[in-house]
Amino acid sequence: MNTGRYIFSQMVDFLPKRKFERMIDKRTKVGIPDPTLGWQLSYWNQLLVLMFGQLDGYRSLRELTDITTAHKEKSFHLGFGKSGVNRSILSRCNSYRDWHVFEEFAYYMISLAQDARIGREFCIKGKYYAFDSSTIDLCMGVFKWANFRSTKAGIKIHTQFDIVTQIPRMVHVTEAKVHDVNAMDMIEYEPRAGYIFDCGYWDLKRLYRINQLDAFFAIREKRHPGYIVESGIDFDDKSNVLRDETVRFTGKRNIENYPGKIRRIIAYIPDLHRTFTFYTNNFILSAEEIVFLYKNRWQVELFFKWIKQHLRVTAFWGQSENAVRIQIYTAICTYCLVAIIEHELNIERNIYEIMRVMGSSLLVKGDMARLFLALENEPEQITNCQLTIDFESD
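The structure displayed is predicted, hence computed values, not measured ones.

Draft legend 1. Here's a closer look at the nonpolar core. Within the largest apolar cluster, 102 residues are counted, with the highest numbers of intra-cluster contacts made by F8, M11, L15, Y128, I155, L293 and Y335. Contact partners of L293, with chain neighbours within four places excluded, come to F122, I124, Y128, I163, I196, F216 and L285. Within the second largest apolar cluster, 25 residues are counted, among which are Y129, A183, A215 and V247.

Draft legend 2. Representation of the packing of helix α7 (residues 99-117) against helix α13 (residues 321-344). Closest axis-to-axis distance for the α7/α13 pair is 8 Å, and the angle between their directions is 20 degrees. Here α13 runs roughly parallel to α7, going by the angle between their axes. In terms of crossing hand, the pair formed by α7 and α13 is left-handed. Of the residues that constitute the contact of α7 with α13, the class distribution is 17 nonpolar, three polar and four charged.

Draft legend 3. Summary view of the pattern of salt bridges. Inspection of every chain in the model, using the stated rule, returns 24 salt bridges. The salt bridge involving D214 is made with R192; its shortest N-O contact spans 3.8 Å. Here D214 is found in the loop between α9 (204-212) and β6 (216-220), whereas its partner R192 is found in the loop between α8 (180-183) and β5 (194-197), with 22 residues between them in sequence. Take D214: its relative accessible area is 46%, and that puts it in the partly exposed class. We note a salt bridge from E353 to R349, for which the minimum N-O separation is 2.6 Å. Judged by its relative accessible area of 10%, R349 is buried. Salt bridges here are not isolated pairs; linked through shared partners, they connect E221, R243, E245 and R264.

Draft legend 4. Main features of the packing of aromatic side chains. In the structure shown here, the tally under the stated rule is 30 aromatic pairs. Between W99 and Y329, the aromatic rings sit 6.2 Å apart at their centres with planes inclined by 5 degrees, giving stacked as the arrangement. On the criterion of sequence distance, the pair formed by W99 in helix α7 and Y329 in helix α13 is long-range, its members being 230 residues apart. Among the residues examined, Y329 registers a relative accessible area of 1% and is labelled buried. Judged by centre distance (6.1 Å) and plane angle (70 degrees), the rings of Y128 and F216 are edge-to-face. Taken as a pair, Y128 in strand β1 (residues 128-138) and F216 in strand β6 lie far apart in primary sequence, 88 residues in all. Among the residues examined, Y128 registers a relative accessible area of 3% and is labelled buried. An aromatic cluster of at least three residues, connected via ring pairs, comprises W202, Y208, F217, F249, Y258 and Y279.

Draft legend 5. Geometry of helix α3 (residues 43-56). The terminal C-alpha atoms of α3, which comprises 14 residues, lie 20 Å apart, in line with the 20 Å expected from a rise of 1.5 Å per residue. α3 sits mainly inside the fold: 13 of its 14 residues count as buried. One or two steps after α3, the chain reaches G57, where phi turns positive at roughly 75 degrees.

Draft legend 6. Fine view of the environment of I136. Looking at the secondary structure, you find I136 in strand β1. Exposure remark for I136: the relative accessible area of 3% places this residue in the buried category. Through-space distance from the C-alpha of I136 to that of A153 is 8.7 Å; in sequence the pair is 17 residues apart. Ignoring sequence-local partners within four residues, the contact set of I136 consists of A153, G154, I155, I157, K308, V313, T314 and F316.

Procedures and definitions
- Residues numbered from 1 in each chain as written.
- Predicted model: local features only at pLDDT ≥ 70, side-chain atom pairs only at ≥ 80, totals over all residues.
- Heavy atoms only, no water.
- Core = buried A, V, L, I, M, F, W, Y, C linked by side-chain atoms within 4.5 Å.
- Buried < 20%, exposed > 50% of the residue type's maximum accessible area, 1.4 Å probe, protein only.
- Contact = heavy atoms within 4.5 Å.
- Axes fitted to C-alpha atoms, helices over the stretch in contact; angles between N-to-C directions.
- Helix = DSSP H or I, 4+ residues; strand = E, 2+ residues; numbered from the N terminus.
- Parallel < 35°, antiparallel > 145°, perpendicular 65-115°, else oblique.
- Left-handed = near helix turned anticlockwise from the far one by under 90°.
- Nonpolar A, V, L, I, M, F, W, Y, C, P; charged D, E, K, R; others polar.
- Salt bridge = Lys/Arg side-chain N within 4 Å of Asp/Glu carboxyl O.
- Phe/Tyr/Trp six-rings, centres within 6.5 Å; stacked < 30°, edge-to-face > 60°.
- Expected span 1.5 Å × (residues − 1).

Structural data, given as structure tokens:
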């Protein structure tokens with residue numbers, strides 16, 4: 001049925017075009033002025049061109065428009081419009097169109113991908129999120145709006161990553177000078193969900209707020225705070241967990257910020273040959289399960305590493321803040337699109353491998369599902385109980 005269609009146009013079929021168009025219409029109805037609506041390149045055309053560039057890995061706007069211009073006879077069938085892609089028009093669209101449109105659509109794509117992959121198996125039942133940030137360095141002479149230090153500029157991508165579905169739940173872009181703990185206020189905490197933080201997010205007042213919202217956290221110790229032990233369990237030599245204690249903080253400030261009891265777990269991590277101390281307000285899961293959840297926090301680190309290698313979030317196609325934000329949210333849309341396709345076509349491979357295969361086949365005609373039938377090796381069994389994702393660069 002799809003033998004005469006380009007792979008990219010088949011991928012576009014999985015995008016909710018009507019939803020995107022309703023977002024634009026809603027802005028018009030509420031009276032938000034937008035002088036770009038009558039431009040040659042529509043919002044939808046712009047989105048598809050940028051997603052095409054993300055999938056094929058173009059490092060500059062010139063490279064993207066040169067390739068699309070070379071294939072301008074295919075432009076209409078790819079969804080870019082009837083007259084091809086003009087570099088000047090695309091640059092102006094990236095600079096002047098409201099990035100909030102692309103942010104809103106990215107969050108809608110995130111919700112679709114979450115719903116599609118919610119049935120994935122995980123060793124511990126429940127919702128678990130890893131929260132972290134990644135700094136992207138920018139040239140201060142070019143990106144003056146993103147001044148970070150006296151000699152450099154940069155932005156931060158704060159991400160709430162679902163370690164069950166392997167889909168980002170929240171992506172927020174700020175200036176690099178925003179401290180990590182301040183980003184904790186951006187999270188919409190869900191009751192009975194778990195949030196895993198690194199020690200950079202150690203803020204007892206904010207952690208206690210999570211406890212009051214009936215959610216739970218797990219975080220690595222920072223600065224050896226004072227405490228008194230109320231009860232504790234020692235483990236035998238066969239376990240990597242050394243100590244599981246119920247404690248209360250001492251010190252006037254710590255008591256004010258976290259007045260309740262908290263669980264303190266000491267564990268030895270064989271892979272790193274180190275001992276770590278974790279704190280959590282969860283008294284139901286076993287100590288081994290808390291340690292396992294923290295180990296899975298590295299999935300968000302691997303996510304950052306992979307999108308920097310395989311999506312365009314470090315080499316930008318515009319210099320304005322608007323263009324940078326549009327590009328980042330388009331990258332998130334691309335990631336979620338591939339996750340949705342993986343689920344809908346029942347492709348038994350991880351998101352990252354699927355994206356590599358599709359990215360190199362965008363202008364090929366044929367059935368998209370058959371791309372993966374031709375591979376010689378059987379796919380490895382993927383399990384969320386082990387961090388088995390292959391993030392090696394091409």
